[in-house]
Amino acid sequence: MLKNNMIKFVSLRLKLLVGFTVLFSVVFAGAFYWFYTYATASALKRVEEDLVNTLHGAAAGVDGDALRVLYTEGVCAGGSEGGCYPDDPRYWQQVAWLARVHAVEPRAEPYTYIRGEKPKELIFITSAGAVRRPPFGAKFLQHYIANNPEPNYQGLLTTTLEPAYTDAFGRWVSGYTPIYDSQGNVVAAMGIDFHADYVDEVQAGILNSMVLAFSITYGALFGLVYLASNAFSEPIVRLTRAADQIGEGAYEQGLNGLAASRAQAVFPDEISRLAEVLRGMVHKIYSLYQAERDARQIAETLHQANLALTRNLDLETVLQTLLDHLACLVPYDSANVMLLEPGDPARVTDRALRGYEQWVAPQAIRPYTTDIRAFASLSRLFERRASVLIPDTREFPGWVDVESGRHVRCWLGVPLVVRDKIIGLYSLDKTIPGFFTEEHKRLAEALAVPAAIAIENAQLFEEVHSGRERLRQLAQQVVKAQEDERQRVARELHDEAGQALVALQLSLQSLSAELPPGDSASSQRLQKAVDLIGATMGRIRLLAHDLRPPALDAVGLHGVLDDYCYNYGEHTQLNIDYAGVDVPGLPAEVSIGLYRFVQEALANVAKHARAASVRVELRDEAQAVILSVEDDGRGFDQPDGRPTTLPGNGIGLIGMRERIEALGGRLEIISNPGQGTRLIAHIPRP
């Protein structure tokens, strides 16, 4: 019913204008289409007649016997199916005739062809384009596979025309006709691609003429229709305008419009009803629009908040993100997030603050640890495990005024609950009493669950990170203790055991010198003992060097690695190529850690890699010290990118990785079966 009433008041002027315009447009379009089609067909027919005449004349001028001799005896160098422009004068005699045809009729592009042996194949013989500079078109004996060769094949039997077509060079009409020899036999076919741009010119002329005629006629008709429709529809237009003004709330203007319309017609009931319907409709639509827009905005905010909260594991970032998205849902003057103290369920600490700088000096804004039992608002929240809304703090029994919260007149607290356990809360403050509503409370609670989960995850991550850091520090202490003990043992071996063995060796040598000249057996036994002591001293020196190379403090990491690689290569028959530079200012724990890394890496190469050569390289870069060990051995597979042990028995890469990470660096492992292994230690510059 409402739709029908509104249709009665659609502008009559618009109906008349649209009706006559559509009618005229349809009539004119029909006339234009008929004339356009007729003129195009006539122009195309004329072009086809010219094509047929040119086609017959060109075919009649070809010497069929000579043409057959040409394509049966003529050859191209190399026998390529791509064709050529031969030196045969018979070819150019044929081409000269086609060129004369083109000169007489420039729209024609003539050529001759025969049917090939392959399916859909054509073999071109001559083309008028051969005499152009540069030449173009089909070459002599050029083989061509056509998409639709039927018209070309039909042209070997009778005169055949193809429908007009358009390509990058313009509009064309193609025709084909047989070429006969002196005996009346078909030897080939004449083909002509005929420019049909004349059809486009005719069409363009029609368009230009018709557009001008249509514009003049349409303008005049539109003016007449407008004047007539204006005279007939003016009273109804005034009534409709008044109804629109009333529906928009401009009641005074609408009533003036109704008064002006009353002189010609009186429709008080219809106008009043239309105004009421429009007013009710606009109000309902606007209300629905507001509700839908608010719901969409809230849903989008919640979605973005969920993404932002779950994207980060840093507790400070999570808390600030929570306050950011709360501000999008509920306007507040200040807000904070309080979390329970570990091991003390009766105390909470401020972990994030927002907006207090407007009422409190910056130096006074700091986290406080609060006893929940001292604040009635917090006690109620934790006891009920539900949100608490205080419309006016001055009327709330037990409200405690603190220095940083004296501006608070309206307070809203929301608990953070994870697995039925409260881990904290967030509160929103407003200086206006009664500002927060139940709707604000509902919106604030919408973030409680994802925020609580994100906070718990961040706390767990902090605990894991702290545990790892403590473990790393412990590992550093263990390694330092080991190195200190190794240094002590190496010093004792070198100083005490070494000195004792030297004294023993000298004593045995002195005793040997005191033996009678004829006692060769005793002399030989003493000499073996002296040699054994010398070998033992060598092994002790090597053991002391492995425990803690004394040169590490004297000449640095570069010199020690150079010496170690040379000696290890001599001992294991490995071809070890060392390249490095001095690294000044390297801490002692880093130097010994990298030295142990090379020891372990070379030991694993010797035991497991089956390598022939190894390259060790020490580089000092701006941001890091880089030490790499690369072998050409059998390598190993890394299905997850982080192998834990080497093939066979060995200390494993995990030990090397932990040693490097304990120094604050990282270990990069590159290996594939049969392609060797490369270990790269990156240690940040101190």
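Reading the values: the criteria
- Residues numbered from 1 in each chain as written.
- Predicted model: local features only at pLDDT ≥ 70, side-chain atom pairs only at ≥ 80, totals over all residues.
- Heavy atoms only, no water.
- Buried < 20%, exposed > 50% of the residue type's maximum accessible area, 1.4 Å probe, protein only.
- Helix = DSSP H or I, 4+ residues; strand = E, 2+ residues; numbered from the N terminus.
- Pairing = 2+ DSSP bridges.
- Axes fitted to C-alpha atoms, helices over the stretch in contact; angles between N-to-C directions.
- Parallel < 35°, antiparallel > 145°, perpendicular 65-115°, else oblique.
- Left-handed = near helix turned anticlockwise from the far one by under 90°.
- Contact = heavy atoms within 4.5 Å.
- Nonpolar A, V, L, I, M, F, W, Y, C, P; charged D, E, K, R; others polar.
- Phe/Tyr/Trp six-rings, centres within 6.5 Å; stacked < 30°, edge-to-face > 60°.

**Section: the pairing of strand E13 (residues 421-430)**
Piece 1. Here E13 lies mainly inside the structure; nine of its 10 residues are buried.
Piece 2. In this structure, strand E8 (residues 334-341) lies alongside E13, joined through six bridges in antiparallel fashion. From the neighbouring strand, Ser334 faces E13, where its bridge partner is Asp429.
Piece 3. Both strand E12 (residues 410-418) and E13 contribute to a ladder of nine bridges, which runs antiparallel. Across the sheet, the residue bridging to Pro415 is Leu425, located in E13.
Piece 4. Counted along the chain from E12 to the antiparallel partner E13, the turn is two residues long, and its residue Arg419 has a positive phi close to 50°.

**Digging into the packing of helix H16 (residues 588-609) against helix H17 (residues 653-662)**
Piece 1. Remark: H16 packs on H17, axes separated minimally by 10 Å, with the N-to-C direction vectors making an angle of 165°. With respect to each other, H16 and H17 are oriented roughly antiparallel. Taken as a pair, H16 and H17 cross one another with a handedness that is left-handed. Along the contact surface, H16 presents Gly593, Leu594, Arg596, Phe597, Glu600, Ala601 and Asn604, while H17 presents Met656, Arg659 and Ile660.
Piece 2. Broken down by class, the residue content of the contact of H16 with H17 amounts to five nonpolar, two polar and three charged.

**Comments concerning the sheet that holds strand E9 (residues 344-354)**
Piece 1. Pairing is antiparallel in the open sheet, where six strands are placed in the order E10-E9-E8-E13-E12-E11. Among the strands making up the open sheet, the edge pair consists of strand E10 (369-371) and strand E11 (388-390). Within the sheet, the average angular offset between the axes of one strand and its neighbour, ignoring direction, is 25°.
Piece 2. Where E11 meets E12, three bridges bridge the pair, whose relative direction is antiparallel. Within E12, the residue paired with Ile390 across the bridge is Trp411.
Piece 3. With respect to the sheet, helix H9 (residues 315-329) is in contact with E8, E9 and E13, its orientation differing from that of E9 by roughly 65°.
Piece 4. Against the sheet, helix H10 (residues 376-384) engages E8, E9, E10, E11, E12 and E13, with an angle of about 35° to E12.

**Regarding the packing of aromatic side chains**
Piece 1. This structure, assessed with the given rule, holds 11 aromatic pairs.
Piece 2. Between the aromatic rings of Tyr111 and Tyr113, the centroid separation amounts to 6.3 Å while the plane-to-plane angle is 40°, which identifies the pairing as tilted. You'll find Tyr111 and Tyr113 in the same group, each marked buried.
Piece 3. Judged by centre distance (5.6 Å) and plane angle (75°), the rings of Phe435 and Phe436 are edge-to-face.
Piece 4. Taking relative accessible area as the criterion, Phe435 reaches 24% and is therefore assigned partly exposed.

**Regarding the environment of Phe194**
Piece 1. When you line up the elements, Phe194 lands in strand E7 (residues 186-195).
Piece 2. Along the backbone, Phe194 and Arg171 are 23 residues apart, and their C-alpha atoms lie at a distance of 8.5 Å.
Piece 3. When near neighbours in sequence (up to four residues on either side) are disregarded, Phe194 contacts Val47, Asp50, Leu51, Thr54, Glu105, Arg107, Ala108, Arg171, Trp172 and Val173.

**Describing the sheet that holds strand E18 (residues 677-684)**
Piece 1. Pairing is mixed across the open sheet formed by five strands, whose spatial order is E14-E15-E16-E18-E17. The open sheet is flanked by strand E14 (575-579) and strand E17 (666-671), the only strands paired with a single partner. The average undirected angle you get between the axes of adjacent strands in this sheet is 10°.
Piece 2. Where strand E16 (residues 624-631) lies against E18, eight bridges are found, and the strand directions are antiparallel. Following the sheet pairing, Val625 is matched in E18 by Ile683.
Piece 3. Sheet strands in contact with helix H15 (residues 556-572) are E14, strand E15 (613-620) and E16, and its direction is about 170° off that of E14.
Piece 4. The strands touched by H17 within the sheet are E17 and E18, with E17 carrying the most contacts at an inclination of about 150°.

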